[in-house]
Amino acid sequence: MTTATRVYVARLAGLSMFDPNGDTVGRVRDAVVRPRPGQLPPRVVGLVAEMPMRRRIFVPIGRVTAIEADAVILNTGMLNLRRFEKRPGELLVIEDLLDRRVKINDTDREGTVVDVAMESDRTGEWTLTRVAVRELTGRLTRRGHVHQLEWNEVRGLIGAPDTQGTAGLLALLENMRPADLANALQELSDARRVEVATALDDERLADVLEELPEHDQVEIIAALGRERAADILEEMDPDDAADLLAELPKPDQDALLDLMEPDEASKVSQLLDYTPGTAGSLMTSEPIILPPDSTIAEALARIREPQLSPAVAAAVFVTRPPNDTPTGRYLGVVHFQRLLREMPSALLGGAVDNDIDPLDPATPLSEITRRMATYNLVCMPVVDSNNRLVGAVTVDDVLDHLLPPDWRDRDQLETAPGGSPVPRPSHLTGRPVSVPAREDNRRG
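Residues numbered from 1 in each chain as written. Predicted model: local features only at pLDDT ≥ 70, side-chain atom pairs only at ≥ 80, totals over all residues. Heavy atoms only, no water.

Observations concerning the overall build of the chain
Counting secondary structure elements, the chain contains 17 helices and 18 strands. Taking all 444 residues of the chain together, 47% fall into the buried category. Counting contacts in the chain only where the partners sit at least 6 residues apart, residues at least 24 apart contribute 60% of the total. Taken as a whole, the chain presents about 22,300 Å² of accessible surface, with 49% of it coming from carbon and sulfur. (Helix = DSSP H or I, 4+ residues; strand = E, 2+ residues; numbered from the N terminus. Buried < 20%, exposed > 50% of the residue type's maximum accessible area, 1.4 Å probe, protein only. Contact = heavy atoms within 4.5 Å. Areas by Shrake-Rupley, 256 points an atom, 1.4 Å probe, with all protein chains shown as cover.)

Structural data, given as structure tokens:
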């Protein structure tokens, strides 16, 4: 086994972290450093690792035995599972230094930090030694040269940044799932979170907003300006857009709805009219809907569309035209398993299942969960008094409303009834894991 003596932190981010037995502990998300006096480069005190369920913990650098091209190896599987929080005086390399505007001492030219290298000495201590800086050219169409500089050859690395861009950080976050990206945003400071979120394109930001707590959604939407906020709401699923608008004052709701495309605004407005906690307020108004003369092959093509969530793609609802909610007469549902058993050329109307009564828009959450559990369903149709399909409630909608209101908030720790932390069993050893208090104190 070989280990690098110099590692660029941006390339380290996302690597899997393994214990000595080869079991995955999590993924590296950042490096924690502590500045030192004078011109001495900061000392690396540990790594931030993201474990299953998006929990971020601190891993002391002394626990790292090897850093390879595709993995970080630890010398133990015993880790402190306390959620990571940055302490006063500490810096996170990716969060605090990447994209920072700095000056090169020799030329006094400005540039932005694109990466930072950490290097190990003979004693095994890691420090930040080199900085990759892209020189600013002043031309939009031309990228400046990247300079590899020693830490003390650059000014502006420590202290509050005058300017910090987002390009480098967005590149690192590009391939994350929306839920993981939302989690990463929550770990940023309030100002940095808004800055990075607003730099995302509309479709990506809409997906991420759906995974954030309500207070973060409102904070970001307020920072966008009404025109762009309306564009983002159009990109969101109507039920998620309605939930977000419900958190805003009525004048702001009305102003944003007026700026949205009429068709999109109409779907969201209808959802806002339903009583909270009912099928109407939970449902999506855009399930898969086809007429009965469509073929099984057409239905299979629809459920394969990549933008659909698994819960929405689990069933095709069959109605008389029109096929946009509220539809013509509701005929029934065809679950995806039934689609797989039928001939592709067969008509959808011949495979309809209609022996389970659909939900009424006023059906309460308790009744929805009971019926979905009784019939082992992941989605159910919602039909109005005229037997028109107005939407569908999916299992993710139900879970979202059954969980505590702050379940997406990373600041809320799981607690037992008495208020003490819930011990988390180790996926490595089958028992709660922890380390002596002195291990965590090594950050000091």
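On we go.
Brief notes about the packing of aromatic side chains
Taken as a whole and assessed by the stated rule, the structure comprises one aromatic pair. Seen from their ring centres, Phe 58 and Phe 84 are 6.5 Å apart, and the 20° between their planes marks the pair as stacked. On the criterion of sequence distance, the pair formed by Phe 58 in strand β5 (residues 55-60) and Phe 84 in the loop between β7 (71-74) and β8 (91-92) is long-range, its members being 26 residues apart. Per residue, the accessibility class of Phe 58 equals that of Phe 84, and both read buried. (Phe/Tyr/Trp six-rings, centres within 6.5 Å; stacked < 30°, edge-to-face > 60°.)

Re the environment of Gly 349
Mapped onto the elements, Gly 349 comes out in the loop between α14 (336-341) and α15 (365-374). Classification of Gly 349 as partly exposed rests on a relative accessible area of 37%. Along the backbone, Gly 349 and Val 318 are 31 residues apart, and their C-alpha atoms lie at a distance of 7.3 Å.

A closer look at the pairing of β7
The alternating pattern of β7 places Ala 71 and Ile 73 on one face and Val 72 and Leu 74 on the opposite face, and all of these are buried. Inspection of the sheet shows strand β2 (residues 16-18) paired to β7 by three bridges, in the parallel sense. Each residue of the ladder has a partner; that of Phe 18, found in β7, is Ile 73. Between strand β6 (residues 64-67) and β7, which pair antiparallel one after the other, the connecting turn spans three residues. (Pairing = 2+ DSSP bridges.)

Brief notes about a negative patch on the surface
Judged by side-chain charge, Asp 201, Glu 203, Glu 227, Asp 231, Glu 235, Glu 261, Asp 263 and Asp 324 come together as a negatively charged surface patch. Per-element accounting of the negative patch gives the leading share, three residues, to helix α8 (residues 226-235). Along the chain, the position of Glu 235 falls in helix α8. (Patch = residues over 30% accessible without salt bridge, like charges linked within 9 Å, V, L, I, M, F, W, Y side chains within 5 Å. Salt bridge = Lys/Arg side-chain N within 4 Å of Asp/Glu carboxyl O. Lys, Arg positive; Asp, Glu negative; His and termini not counted. Charge placed at Lys NZ, Arg CZ, Asp CG, Glu CD.)

Remarks on helix α10 (residues 250-259)
Turning to α10, its buried residues number three or more, namely Gln 253, Ala 255, Leu 256 and Leu 257. Elements that come into contact with the buried residues of α10 comprise α8, α9 (238-245) and α11 (262-272).

Considerations on the packing of α8 against α10
When two helices pack together, their arrangement is given by the angle between the helix axes and the distance between those axes. Look at α8 against α10: their axes get within 9 Å of each other, and the N-to-C directions meet at 75°. As summarised for this structure, α8 and α10 are arranged roughly perpendicular, according to the angle between their axes. Two secondary-structure elements touch here, α8 through Arg 226, Glu 227, Ala 229, Ala 230, Leu 233 and Glu 234 and α10 through Asp 252, Ala 255, Leu 256 and Leu 259. Of the residues contributing to the contact of α8 with α10, the split by class is six nonpolar, no polar and four charged. (Axes fitted to C-alpha atoms, helices over the stretch in contact; angles between N-to-C directions. Parallel < 35°, antiparallel > 145°, perpendicular 65-115°, else oblique. Nonpolar A, V, L, I, M, F, W, Y, C, P; charged D, E, K, R; others polar.)

Notes on a nonpolar patch on the surface
Taken together, Val 378, Val 395, Leu 399, Leu 402, Leu 403 and Trp 407 make up a surface patch of nonpolar side chains, about 480 Å² in accessible area. Here Trp 407 shows up in the loop between α16 (395-402) and α17 (437-440).

Digging into the sheet that holds strand β15 (residues 315-319)
Taken in spatial order, the three strands make up an open sheet running β14-β15-β16, and their pairing is mixed. With partners counted over all chains shown, the strands left at the sheet margins are β14 (289-290) and β16 (330-335), one partner each. Both β14 and β15 contribute to a ladder of two bridges, which runs parallel. In the strand pairing of β15, Ile 289 is matched with Phe 317.

A closer look at helix α4 (residues 178-186)
Regarding α4, the residues found buried are Leu 181, Ala 182, Asn 183, Ala 184, Leu 185 and Gln 186. Looking at the packing, one finds that the buried side of α4 touches β4 (43-51), β5, α3 (167-173), α5 (190-199), α6 (202-209) and α7 (214-224).

Considerations on the side chain of Glu 210
Topologically, Glu 210 is positioned in the loop between α6 and α7. Assessed through its relative accessible area of 12%, Glu 210 is described here as buried. At 2.9 Å, the side chain of Glu 210 and the backbone nitrogen of Asp 237 are in polar contact. (Polar contact = N/O pair within 3.5 Å; in protein donor to acceptor, adjacent residues only side chain to side chain.)

Quick word on unusual backbone geometry
Glycine aside, residues mostly have negative phi, and peptide bonds are mostly found in the trans state. A cis amide bond links Pro 321 to the next residue, Pro 322, at an omega of 0°. Note that Pro 322 resides in the loop between β15 and β16. Here the residue pair Thr 325 and Pro 326 is connected by a cis peptide bond, since its omega of -10° sits within 30 degrees of zero. The backbone of Asp 108 sits at a positive phi, close to 65°, despite the residue not being glycine. Among the secondary structure elements, Asp 108 is positioned in the loop between β9 (101-104) and β10 (110-120). Even without a glycine there, the phi angle at Asn 376 is positive, about 55°. Along the polypeptide, Asn 376 turns up in the loop between α15 and β17 (379-383).

Concerning the side chain of Thr 319
When you line up the elements, Thr 319 lands in strand β15. By relative accessible area, which is 0% here, Thr 319 ends up buried. A polar contact is formed between the side chain of Thr 319 and the side chain of Asn 323, at a distance of 2.9 Å. When near neighbours in sequence (up to four residues on either side) are disregarded, Thr 319 contacts Ile 289, Leu 290, Pro 291, Pro 292, Thr 327, Gly 328, Arg 329, Tyr 330, Leu 331 and Leu 389.

What to know about the nonpolar core
In this structure, Leu 12, Met 17, Leu 47, Val 72, Met 118, Leu 128 and Val 393 are the most contacted members of the largest nonpolar core, which totals 90 residues. Discounting chain neighbours no more than four positions away, the residues touching Met 17 are Asp 23, Thr 24, Val 25, Gly 26, Val 28, Leu 47, Ala 49, Val 59, Val 72 and Leu 74. Leu 290, Ile 303, Val 318 and Ala 351 belong to the second largest nonpolar core, which has 15 residues in total. (Core = buried A, V, L, I, M, F, W, Y, C linked by side-chain atoms within 4.5 Å.)

Examining the pairing of β4
Counting buried positions over the nine residues of β4 gives eight, a clear majority of the element. Sheet topology places strand β3 (residues 24-34) next to β4; seven bridges connect them, and they run antiparallel. Its bridge partner lying in β4, Arg 27 is registered against Glu 50. Alignment of β4 against β5, held across six bridges, turns out to be antiparallel.

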